[in-house]
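Here is how the chains run, residue by residue.
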Amino acid sequence: MNALTPISSSRRPRVLALANQKGGVGKTTTAINLGTALAAIGEKVLIIDLDPQGNASTGLGVDRKSRASSTYDVLCGDIGLGQALQETAVPGLCIAPSTLDLLGVELEIASAKDRAHRLKKAIDEIADDQRCCDLTYILIDCPPSLSLITINAMTAADAVLVPLQCEFFALEGLSQLLKTVEQVRNGLNPRLMIQGVVLTMYDPRNNLSGQVMADVREFLGEKVYETVIPRNVRVSEAPSYGKPALLYDLRCSGSQAYLRLASEVIKRERELRAA
Ligand SMILES: Nc1ncnc2c1ncn2[C@@H]1O[C@H](COP(=O)(O)OP(=O)(O)O)[C@@H](O)[C@H]1O
Ligand SMILES: [Mg+2]
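Values in this document were obtained by computation on a predicted structure and should not be read as measured data.

K.L.:
Looking at this model, I keep getting lost on the side chain of E43. Mind explaining?
P.N.:
Its location among the elements puts E43 in the loop between α2 (27–40) and β2 (45–49). Summary of buried charges: E43 has no salt-bridge partner, and the nearest side chain of opposite charge, R270, is 5.5 Å away. Within the structure, E43 has its side chain in polar contact with the side chain of T136 (distance 2.7 Å). E43 has contacts with L38, G92, T136, Y137 and I266, leaving out every residue within four places of it along the chain.

Structure representation (structure tokens):
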């Protein structure tokens, strides 16, 4: 960063899109628990729930009745992102919740010229909003598709973080995801990078899990985080209590892994910024 960098851009939070068009690979679990872990180590974090299912919102204890303003309203341009924010039980972590309305947003904005830039615009505008001025990280929980919603996330993001489940078809579909990142970089967002790939639901008792891990590391090299998230029943139980795993059981292996992942993400962000 040099002396000519405007103050406002140096204060812009780092925006990471958690994307993988496969469902059930750990995007939402990673958004919730990485967000919590980042907040626990002093970052100020906003999770933007861009999945109509709203699992990140539910998992952070925001029930459907209290989602009067949501990311749907933000993408429609009716409200600013700051108006959609809700505090969570985790100090330093807030969320912009989603509702099922989001299912219809693509049709609503399809013919708008700025349809891919709606989220970026909303994030750019929070610099002027008191409620958001100290944010340091924004994590976007994407839906399981490469639709306009995910394109909005990638257009707004500094980098993509890809959760990849340790299962046989882990790499299937990855080339399509990487191609989409490349297309966004070539047009909508030239600064988009891949922050990293995190292996999720690793089961050390399952030989296949180990084999998948080795294959993914061979294929993707150092893009894969050292931290691997183990399959851990406490992690899967936590959302039904409306809590991140780190609040539900800080000592469980899953929570500890997400704390390590948070440190790695911060370290990589420093390296990417310095580059
Ligand atoms: N580390 C883990 N250990 C056990 N279960 C997990 C873990 N990560 C995710 N899950 C479970 O797997 C399912 C899919 O995870 P989720 O984060 O919702 O995926 P996605 O958002 O990609 O669809 C959920 O039921 C979740 O609780
Ligand atoms: Mg999800």
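K.L.:
What's the story with the pattern of salt bridges in this structure? I'm lost.
P.N.:
Pairs may arise between side chains of opposite charge once their charged atoms sit close together. In total, this model carries 13 salt bridges according to the counting rule given. With its nearest N and O atoms 3.8 Å apart, the salt bridge here joins D158 to R12. Of this pair, D158 sits in the loop between α8 (148–156) and β6 (159–165) while R12 is found in the loop between α1 (7–10) and β1 (14–18), placing the two residues 146 residues apart along the sequence. Linking R185 and E182 is a salt bridge whose minimum nitrogen-to-oxygen distance equals 2.6 Å. Here the residue R185 and the residue E182 both occupy positions in helix α9 (residues 174–186), the gap between them amounting to three residues, near one helical turn. Residue R185 is classed as partly exposed on the basis of its relative accessible area of 26%. Looking at E182, the relative accessible area reads 35%, which means it is partly exposed. Residues participating in the shared-partner salt-bridge network are R12, R14, K120, D124, D158, R191 and E269.

K.L.:
Help me understand the sheet that holds strand β3 (residues 86–87) in this model?
P.N.:
Hydrogen bonds between backbone groups are what pair the strands of a sheet, and the pairing can be parallel or antiparallel. Taking strand neighbours across the sheet as the criterion, the seven strands line up as β3-β4-β2-β5-β1-β6-β7 in an open arrangement whose pairing is mixed. Only two strands of the sheet have a single partner each, and these edge strands are β3 and β7 (193–200).

K.L.:
What am I meant to see in the state of the cysteines here?
P.N.:
Under the criterion given, the structure shown has zero disulfides. Considering cysteine sulfurs only, C132 is the nearest to C94, which forms no disulfide, with 6.8 Å between them. Relative accessible area serves as the criterion here: at 3%, C132 is assigned to the buried category.

K.L.:
Explain a nonpolar patch on the surface here, please?
P.N.:
On the surface, F168, F169 and L208 cluster together into a nonpolar patch covering about 330 Å² of accessible area. Of note, L208 is situated in helix α10 (residues 207–220).

K.L.:
Help me out: how do you make sense of the side chain of T200 in this one?
P.N.:
Relative to the assigned elements, T200 resides in strand β7. At 2.7 Å, the side chain of T200 forms a polar contact with the backbone oxygen of V25.

K.L.:
Can you walk me through the site of ligand 1 in this structure?
P.N.:
Neighbouring ligand 1 are 14 residues, the closest being G24, K27, T29, P230 and N232. Within the backbone of V25, a nitrogen or oxygen atom sits 3.0 Å from an oxygen atom of ligand 1. Contact distances for ligand 1 include 2.5 Å between an oxygen atom and a side-chain N or O atom of T29. Notes on ligand 1: free accessible area 550 Å², of which the protein chains cover 78%. Contributions of two or more residues to the shell around ligand 1 are made by α2 and α11 (233–237). Residue contributions to the shell around ligand 1 peak at three residues, all from α2. Grouping the constituent residues of the shell around ligand 1 by class yields five nonpolar, seven polar and two charged.

K.L.:
Before we go on, may I ask you to explain unusual backbone geometry in this structure?
P.N.:
A negative phi angle characterises most non-glycine residues, just as the trans form characterises most peptide bonds. Residues other than glycine seldom take positive phi values, yet M201 does so here, at roughly 55°. In this fold, M201 is placed in the loop between β7 and α10. Judged by relative accessible area, M201 falls into the partly exposed class, the value being 22%.

The rules behind each value
Residues numbered from 1 in each chain as written. Chains lettered and ligands numbered in written order. Predicted model: local features only at pLDDT ≥ 70, side-chain atom pairs only at ≥ 80, totals over all residues. Heavy atoms only, no water. Helix = DSSP H or I, 4+ residues; strand = E, 2+ residues; numbered from the N terminus. Buried < 20%, exposed > 50% of the residue type's maximum accessible area, 1.4 Å probe, protein only. Lys, Arg positive; Asp, Glu negative; His and termini not counted. Salt bridge = Lys/Arg side-chain N within 4 Å of Asp/Glu carboxyl O. Polar contact = N/O pair within 3.5 Å; in protein donor to acceptor, adjacent residues only side chain to side chain. Contact = heavy atoms within 4.5 Å. Pairing = 2+ DSSP bridges. Disulfide = S-S within 2.5 Å. Patch = residues over 30% accessible without salt bridge, like charges linked within 9 Å, V, L, I, M, F, W, Y side chains within 5 Å. Areas by Shrake-Rupley, 256 points an atom, 1.4 Å probe, with all protein chains shown as cover. Near = heavy atom within 4 Å. Nonpolar A, V, L, I, M, F, W, Y, C, P; charged D, E, K, R; others polar.

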